[in-house]
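# Per-entry structural report
Next come the chains, spelled out residue by residue.
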Amino acid sequence: MKNTLKEKIFLVSTGVLAGTANGFFGGGGGMLVVPMLILLLSKKTKKAHATALLVILPITVVSGAIYALFGNFDWKVGLPAGIGVVVGGALGALLLKKVKNKVLNFIFAAVILAAGVKMLFF
């Protein structure tokens with residue numbers, strides 16, 4: 001499927017926004033990419049989640065490297081957590097194939113809502 005020029009501009013803009021959020025907040029770019037792909041470009045739910053993961057990988061690596069270069073990375077925490085993230089990421093990718101779209105949307109919305117409530121009140 002070929003993207004129109006408008007879609008390409010939208011996708012690049014979404015990437016810039018997600019990359020900026022990921023670099024500034026230390027994560028969260030995928031939380032922007034998934035709704036953009038689903039709601040504004042009518043992509044299928046599972047494909048949007050999988051695409052967001054692959055798109056976020058390079059910006060996460062670049063952002064993390066910049067944090068580390070400036071001494072803002074705690075290796076004693078980051079390395080063990082990184083191992084857990086790799087295992088959890090593989091598990092999540094395998095589970096994605098088995099979860100229905102409605103359930104996936106509910107879980108995604110619940111996680112975003114819970115994160116927002118925690119940030120506002122705790």
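Residues numbered from 1 in each chain as written. Predicted model: local features only at pLDDT ≥ 70, side-chain atom pairs only at ≥ 80, totals over all residues. Heavy atoms only, no water.

Below, the discussion takes up the overall build of the protein. In terms of helices and strands, the protein carries five helices and zero strands. When the helices and strands of the protein are read in sequence order from the N terminus, they spell out α-α-α-α-α. Dimensions of the protein, computed from the C-alpha atoms along their principal axes, are close to 45 × 30 × 30 Å. Here the protein, with 122 residues, has 16% of them falling under the buried criterion. (Helix = DSSP H or I, 4+ residues; strand = E, 2+ residues; numbered from the N terminus. Buried < 20%, exposed > 50% of the residue type's maximum accessible area, 1.4 Å probe, protein only.)

Before going further, it helps to examine unusual backbone geometry. Backbone geometry places Ser42, a non-glycine residue, at a positive phi of 55 degrees. Relative to the helices and strands, Ser42 is located in the loop between α2 (29-40) and α3 (45-69).

Bringing a nonpolar patch on the surface into the picture now. Together, Met31, Val103, Phe106, Ile107, Val111 and Ile112 give the surface a local cluster of nonpolar side chains, amounting to about 520 Å² of exposed area. When residues of the nonpolar patch are assigned to their parent elements, the largest contribution, five residues, is made by helix α5 (residues 101-121). Within the secondary structure, Val103 sits in helix α5. (Patch = residues over 30% accessible without salt bridge, like charges linked within 9 Å, V, L, I, M, F, W, Y side chains within 5 Å. Areas by Shrake-Rupley, 256 points an atom, 1.4 Å probe, with all protein chains shown as cover. Salt bridge = Lys/Arg side-chain N within 4 Å of Asp/Glu carboxyl O.)

Below, the discussion takes up the nonpolar core. Judged by nonpolar contacts, Ala18, Val33, Val34, Leu37, Leu41, Ala48, Ala52, Ile56 and Phe108 together constitute the single largest core of nine residues. Contributions of two or more residues to this core are made by α2 and α3. Leave out the neighbours within four places in its chain, and Leu37 touches Leu11, Ser42, Lys43, Ala48 and Thr51. (Core = buried A, V, L, I, M, F, W, Y, C linked by side-chain atoms within 4.5 Å. Contact = heavy atoms within 4.5 Å.)

What follows covers the side chain of Ser63. Examined against the element boundaries, Ser63 turns out to sit in helix α3. Take Ser63: its relative accessible area is 13%, and that puts it in the buried class. Among all residues touching Ser63, those that are not within four sequence positions of it are Asn22 and Gly23.

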